[in-house]
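# Survey of secondary and tertiary structure
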Amino acid sequence: MNEISPARLSSGELAENFSDAHPRLNPQQALVASDRCYFCYDAPCVKACPTSIDIPSFIRKISTGNLVGSASDILEANIMGGMCSRVCPTEILCEDACVRNLNEHAPVDIGALQRFATDHLFEAGIQLFERKAPTGRKVAVVGGGPAGLSCAHALAVEGHDVTVFEAREKLGGLNEYGIAAYKVPNNFAQREVDYILAVGGITVKTGLALGKDIQLADLRRDFDAVFLGLGLGAVRSLGIGDESLKGVEPAVDFIARLRQADDLAAIPVGARVIVIGGGNTAIDAATQAKKLGADEVTLVYRRGAENMSATTVEQDWAKTNGVRIRYWSKPVAIESAGGAVTGMVFERSDTGARFTLAADMVLTAIGQVLAPPSLGAGDVLEMTASGRFAVDDNQATSLAGVYAGGDCVGNGKDLTVAAVEDGKIAARAIHARLTA
Amino acid sequence: MADIRGNFAGIKSPNPFWLASAPPTDKYINCRRAYEAGWGGVVWKTLGEDPPVVNVSSRYGAWHDGNRRLMGLNNIELITDRPLDINLQEIKQLKSEFPDRALIVSLMVPCEEESWKRILPLVEATGADGIELNFGCPHGMSERGMGAAVGQVPEYVEMVTRWCKQHSRMPVIVKLTPNITNVLNPARAAVKGGADAVSLINTINSIMGINLDVMAPEPVVDGKGTHGGYCGPAVKPIALNMVAEIARTADTRHIPISGIGGITTWRDAVEFMVLGAGNVQVCTAAMTYGFRIVEEMIDGLSQFMDQRGFATLDDFRGMAIPNVTDWNQLNLKYVSKARINQDLCIQCGRCHIACEDTSHQAITAEKDGKRFFEVVDSECVGCNLCAHVCPVPECITMVQTDAGTEYQNWTSHPNNPMRVAAE
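Residues numbered from 1 in each chain as written. Chains lettered and ligands numbered in written order. Predicted model: local features only at pLDDT ≥ 70, side-chain atom pairs only at ≥ 80, totals over all residues. Heavy atoms only, no water.

## Points about the overall build of chain B
- When you go through chain B residue by residue, the secondary structure sums to 13 helices and 20 strands.
- Its C-alpha atoms give chain B a radius of gyration of 24 Å, within 12% of the compact-globule value 22 Å for 423 residues.
- With the C-alpha coordinates aligned to their principal axes, the bounding extent of chain B is approximately 80 × 50 × 50 Å.
- Considering chain B as a whole, with its 423 residues, one finds that 51% of them fall into the buried category. (Helix = DSSP H or I, 4+ residues; strand = E, 2+ residues; numbered from the N terminus. Rg over C-alpha atoms; globule rule 2.2 N^0.38 Å. Buried < 20%, exposed > 50% of the residue type's maximum accessible area, 1.4 Å probe, protein only.)

Take a look at the structure:
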């Protein structure tokens, strides 16, 4: 009795459930929040930001009514400051470092303030960046996610001609395909992409995958430098049975389908949903399944709450939205009938006791891995032990003129903000190389 | 239980908290609400000669902190814009209904004896307890030779005070303007003229801010603005100093002082009283929060007196005056250094950068490669800036480091080349 079906809730309920999870501060809230910033010396929050945004400065500018200057502080350091204000786990980054935590356990609302400033800029339609005179040098950026777009933007500003090759139909990477809808409503990911492209000098070619439709050797021949921001194209499998059963699929596919839907009522979801994993993908999939109208959503993780890569804030968010989380439980078998999943058997990692959860939908989110593209003969990209591209401090790979950044080189945290920084560093190195 | 009844220049009130002459005391209904809320006295908004003035719209400018707390207010409203007769009738009715409360009438008429002779009996007939001479308003009326235009000329202050004492049996309180170079000059004039008391400060001449859209001062009246009277929490330090000057100077120290200027809490009131004020007058705080704030003032004052063992207001009035001195009497041998309580420090680094950029490079930012803020005693001059910029109360304190056995001031210290000139 597989009960996967669309339109479990009315369109009104769905609209409510998928509206802005954390609406923008109003001007008075922003003023009060900005007034809490102490304007610290050598501020710890700045050091905690992977892109080193001058946080005290942008907050001070909000408090003085200089919102364009504030947004400029943000976007000069992080071109995706708008997205990061929505998706950064600030509780483990800038806000964790805020000195207000020591006495009050309540940091300055840095993420919300960052959104306040950047939203103002985008809505006012102010283009902060001006492209320098064209240099005639050409750079290929493979992958239109945060790392690639960050790199492309910085190089375009310097006057280089950039071509972005993207395998999917739209730019944005996980911002567009891999993040819960309520974090980025109103098509924000594409609005941000549009802002980035508006600087000029960036040609976009979608539907082209490296190793299939385009070859690294050709790019190296036709361009002065190449940046690889491929992301992680493959998902780990559970390895405990038939994952091609009806109702079993990777959580990233479920999230992408949801994000690309014109009508949320058209997205089928199970009555009883199991999500396997402990990261943000698991949280986003589980919470969205619940918000689509699933009766029961259980997120099952093999270790404890503190081991999850999803932060406590994210876990609480899922629980608040009705997701049940079972810790210390690993899947051992998938149960099915008639080619469709009916449940899963788990084993407690502490007691070894087994339990079964009935389910008509199982979403797996136990990690993504780099799907290395096939390279031409003779081109060898050195890899790390964890199977990602090895790069140096300048994001340079083992191939001359080829740089990489984002999740495909990541250390496992796979944060948008870290990808943006990778792209920024690579662009600086590429620019230096092209102008040497 | 502390006795907080006031007797100011012979005027009795159940507590020392009066509402100052200002917009809140312009009408019967407001003043009745004030008495009902518990205010000990009211100084009725300034009366003038008929025909009454016409006021403008808008009338206030404001300075807010980041949490939109009203730190300063500025006012361009003139004296009462209602007919004299109506005001007098209402004063009479109010006094008859609240005989135990102080009711003072503020006055401002032209600097001619006849004008004062005319109005004084009318006020006396209301049964009011006294009058306050408005020699202070810096805006509008001063352009007609009244208000601050009188208060800034000691001879006029003395002359008008004398007329009022001559032509009335009521106690006369002279309200002083801060818009002068030395408040002692008009205070002495009031004493010479026979004043029963002084009240201070009136509002400070000010432009509150400029509206950058219309390029005119706030509040903007049809595209233009003017200077007005500044009041509220921000002016308290200026008022405290002027009160202290009068209270510690030989030829003015005996005159009762009604303290005015930014008083918002019981603590503010006590600070004025330990500097010699016999009572206090409040306006901006009431305009910000409503009359009910007097409850906290009364309760806080009573608690303070009980905790410190003061039975009456006179028990602590003026207690801080002996400790207000001239700079040249300060002990140059006293040395204090800043101490940072590392258990309270939240590592914001503001003490460091304040000292590093603007003072004496006496606070480190790092220790053993880690963020750490610590005072370098050899560089610290004990200025106290770090303690004030620190966001955590009591985190940075000043600790005496000299032996406490030596005293040398400016006039005696051998290293001071000015010691002779200073004598």
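That covers the picture; the talk isn't over yet.
## Quick look at the overall build of chain A
- Regarding its fold elements, chain A presents 17 helices and 15 strands.
- Taking 22 Å as the expected radius of gyration for a compact globule of 436 residues, we find that chain A reaches 22 Å, a close match to that expectation.
- The C-alpha extent of chain A, read off along each of the three principal axes, is 65 × 60 × 40 Å.
- The burial tally for chain A puts 55% of its 436 residues in the buried class.
- Of the roughly 17,900 Å² of accessible surface on chain A, a fraction of 49% belongs to carbon and sulfur atoms.
- Charged side chains of chain A number 41 positive and 52 negative; the gap between the two group centres comes to 2 Å. (Areas by Shrake-Rupley, 256 points an atom, 1.4 Å probe, with all protein chains shown as cover. Lys, Arg positive; Asp, Glu negative; His and termini not counted. Charge placed at Lys NZ, Arg CZ, Asp CG, Glu CD.)

## Some remarks on the pattern of salt bridges
- Counted by the stated rule, this structure contains 43 salt bridges over all chains.
- The salt bridge partner of Asp3 of chain B is Arg5 of chain B, with a shortest N-O separation of 3.0 Å.
- One salt bridge connects Asp100 of chain B with Arg101 of chain B, and the closest N-O pair in it is separated by 3.2 Å.
- Given a relative accessible area of 44%, Asp100 of chain B falls into the partly exposed group.
- A residue is classified by how much of its surface remains accessible, and Arg101 of chain B, at 14% relative accessible area, is buried.
- Beyond isolated ion pairs, a larger network of salt bridges with shared partners links Asp20, Arg24, Arg86, Arg115, Asp119 and Glu123 of chain A. (Salt bridge = Lys/Arg side-chain N within 4 Å of Asp/Glu carboxyl O.)

## Details of the sheet that holds strand E10 (residues 329-337) of chain A
Residue and element names in this part refer to chain A.
- Taken in spatial order, the 3 strands line up as E10-E11-E12 in an open sheet, and their pairing is antiparallel. Every interior strand has two partners, whereas the edge strands, E10 and strand E12 (354-358), have only one. Direction aside, the axes of adjacent strands within the sheet are offset by 25 degrees on average.
- As paired elements, E10 and strand E11 (residues 340-348) share 8 bridges and run antiparallel to each other. Within E11, the residue paired with Ala337 across the bridge is Ala340. (Pairing = 2+ DSSP bridges. Axes fitted to C-alpha atoms, helices over the stretch in contact; angles between N-to-C directions.)

## Topic: the sheet that holds strand E15 (residues 402-404) of chain A
All names here are of chain A.
- Spatial ordering of the open sheet is given by E3-E2-E1-E4-E15, a layout of 5 strands whose pairing is parallel. Of all the strands in the sheet, just strand E3 (202-206) and E15 have a single pairing partner and so form its edges. For this sheet the average axis-to-axis angle between neighbouring strands, irrespective of direction, equals 20 degrees.
- Pairing of strand E1 (residues 138-142) with strand E4 (residues 225-228) involves 4 bridges; the strand directions are parallel.

## A few points about the packing of aromatic side chains
Residue and element names in this part refer to chain B.
- What the rule picks out here adds up to 13 aromatic pairs over all chains.
- An angle of 40 degrees between the planes, with centres 5.0 Å apart, marks the rings of Tyr35 and Phe98 as tilted. One end of the pair, Tyr35, is in helix H1 (residues 28-37); the other, Phe98, is in the loop between helix H2 (84-97) and strand E7 (102-107), with 63 residues separating them in the sequence. For the pair Tyr35 and Phe98, one class covers both residues: buried. (Phe/Tyr/Trp six-rings, centres within 6.5 Å; stacked < 30°, edge-to-face > 60°.)

## Quick look at the confidence of the model for chain B
- Per-residue pLDDT for chain B averages 95, and the proportion of residues at 70 or more is 99%.
- Taken over the whole predicted complex, pTM reads 0.92, whereas the ipTM for its chain interfaces reads 0.88. (pLDDT = per-residue confidence, 0-100.)

## Digging into the side chain of His352 of chain B
- For His352 of chain B, the location among the structural elements is in helix H11 (residues 350-358).
- Beyond its immediate chain neighbours, meaning those up to four positions away, His352 of chain B contacts Tyr41 of chain A together with Ile363, Thr364, Ala365 and Phe373 of chain B. (Contact = heavy atoms within 4.5 Å.)

## Notes on the pairing of strand E13 (residues 361-365) of chain A
Residue and element names in this part refer to chain A.
- The buried fraction of E13 amounts to 5 of the 5 residues, a majority that puts the element mostly inside the structure.
- Burial of E13 is two-sided: the residues Met361, Leu363 and Ala365 facing one way and the residues Val362 and Thr364 facing the other way are all buried.
- The pairing of strand E6 (residues 248-250) with E13 spans 3 bridges and is parallel. Following the sheet pairing, Glu249 is matched in E13 by Leu363.
- Bridging between strand E7 (residues 272-277) and E13 involves 5 bridges; their strand directions are parallel. Residue pairing across strands places Val275 opposite Leu363, the latter belonging to E13.

## Thoughts on the pairing of strand E17 (residues 336-340) of chain B
All names here are of chain B.
- Counting buried positions along E17 yields 4 of 5 residues, so the element is predominantly enclosed.
- As paired elements, E17 and strand E20 (residues 396-400) share 5 bridges and run antiparallel to each other. If you follow Arg339 over to E20, its bridge partner there is Thr397.

## Let's talk about the nonpolar core
- The biggest cluster of nonpolar side chains holds 85 residues, and the ones touching the most others in it are Ile55, Phe58, Leu113 and Ile430 of chain A together with Ile340 of chain B.
- For Ile55 of chain A, the residues in contact, after removing those within four places along its chain, are Cys45, Val46, Cys49, Cys94 and Ile110 of chain A.
- In terms of nonpolar packing, the next biggest core, distinct from the first, is built from 84 residues, Leu103, Phe135, Val172 and Ala189 of chain B among them. (Core = buried A, V, L, I, M, F, W, Y, C linked by side-chain atoms within 4.5 Å.)

## Here we look at the interface of chain A and chain B
- On the chain B side, the residues contacting the 12 residues of chain A number 16 residues.
- Both sides of the chain A and chain B interface together cover about 1,200 Å² of buried area, and 58% of this is carbon and sulfur.
- At the boundary of chain A with chain B, the tally comes to 5 residue pairs in polar contact (both at pLDDT 80 or more).
- Every element with two or more residues in the side of chain A that touches chain B is listed here: helix H2 (27-35) and helix H8 (100-104) of chain A.
- Of all the elements, H2 of chain A adds the most residues to the side of chain A that touches chain B, at 3 residues. (Buried area = accessible area lost by both parts, 1.4 Å probe. Polar contact = N/O pair within 3.5 Å; in protein donor to acceptor, adjacent residues only side chain to side chain.)

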